[in-house]
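Chain by chain, the residues:
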Amino acid sequence: SQQGEEDPQALSIQEGENATMNCSYKTSINNLQWYRQNSGRGLVHLILIRSNEREKHSGRLRVTLDTSKKSSSLLITASRAADTASYFCATKIIFGKGTRLHILP
Amino acid sequence: DVKVTQSSRYLVKRTGEKVFLECVQDMDHENMFWYRQDPGLGLRLIYFSYDVKMKEKGDIPEGYSVSREKKERFSLILESASTNQTSMYLCASSFQGGGSPDTQYFGPGTRLTVL
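This is a predicted model, so every value here is computed, not measured.

Procedures and definitions
- Residues numbered from 1 in each chain as written.
- Chains lettered and ligands numbered in written order.
- Predicted model: local features only at pLDDT ≥ 70, side-chain atom pairs only at ≥ 80, totals over all residues.
- Heavy atoms only, no water.
- Helix = DSSP H or I, 4+ residues; strand = E, 2+ residues; numbered from the N terminus.
- Rg over C-alpha atoms; globule rule 2.2 N^0.38 Å.
- Pairing = 2+ DSSP bridges.
- Axes fitted to C-alpha atoms, helices over the stretch in contact; angles between N-to-C directions.
- Buried < 20%, exposed > 50% of the residue type's maximum accessible area, 1.4 Å probe, protein only.

Chemist: With reference to specific residues and values, describe the overall build of chain A.
Modeler: Looking only at helices and strands, chain A has zero helices and 11 strands in total. In chain A, the succession of helices and strands from N to C terminus is β-β-β-β-β-β-β-β-β-β-β. Computed over C-alpha atoms, the radius of gyration of chain A comes to 13 Å, within 12% of the 13 Å expected from 2.2 N^0.38 for 105 residues, which places it in the range of a compact globule. Seen along its three principal axes, the alpha-carbon backbone of chain A occupies a region of about 40 × 25 × 20 Å.

In structure tokens form, the structure reads like this:
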């Protein structure tokens, strides 16, 4: 069963632009997490936001959480080529299908 | 630094073979997980374990079994490999206590091809 669903499935932007990815989930949560996966590798944890938090920052990452809409967004500011990867949201042990982000030079 | 290792990065097996995928973590984590990842389907949970000798089925356990004899090691077993089990297999572990108990640490993955 898919708890998190990311949107869009794929995103291409120019280097330096901001990238926004969205995630929707179905049941109540204690927290929501975002992970990054470089091609052919394992996932790396980026950030966790708790259900009582509305926004959280980590470097160029900004995550928002709207529990009333059961949705979250991940914003990457001033994108770089190294940000090219797939991004997943997760609630506990259930992951979405991911957003493939491609940063164009 | 947290470390999760998987026994092979790439593996090629024949249909009907018994396949063992090993995962080891050095963080003393209680929880360990096995996922498979396929294009368009994302990560799907096969099995997980909250303690030694304990296992729970995930969403797609059919055709798989697991073993957790020691806390640091979680093995995924394909009893009789089939071509539809060709996939990327990802192992992960997490801490069960306070703080961020749901944060999972992943291994590099094993890309299994069954011919």
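Chemist: Give me the lowdown on the sheet that holds strand 7 (residues 61-66) of chain A, citing residues and values where you can.
Modeler: The strands that make up a sheet are held in pairs by hydrogen bonds between backbone atoms, and each pair lies either parallel or antiparallel. Residue and element names in this part refer to chain A. Strand order in the open sheet formed by five strands is 1-3-8-7-6, and the pairing between neighbours is antiparallel. In this open sheet, the two edge strands, each paired with only one partner strand, are strand 1 (5-7) and strand 6 (55-58). In this sheet, neighbouring strand axes are inclined to one another by 20° on average, regardless of whether the strands run parallel or antiparallel. Summarising the sheet, strand 7 and strand 8 (residues 71-76) pair through six bridges and their orientation is antiparallel. What sits directly across from D66, in strand 8, is S71.

Chemist: Any chance you could break down unusual backbone geometry for me, citing the residues and the numbers?
Modeler: For the bond from D7(A) to P8(A), the omega torsion is 0°, close enough to zero to count as cis. For P8(A), the location among the structural elements is in the loop between strand 1 and strand 2 (10-14). Even without being a glycine, A78(A) presents a positive backbone phi close to 45°. Its place among the elements puts A78(A) in the loop between strand 8 and strand 9 (85-91). We classify A78(A) as partly exposed; its relative accessible area is 38%. Residue D28(B) is not a glycine yet carries a positive backbone phi of 60°. On the secondary structure map, D28(B) appears in the loop between strand 3 (19-25) and strand 4 (31-38).

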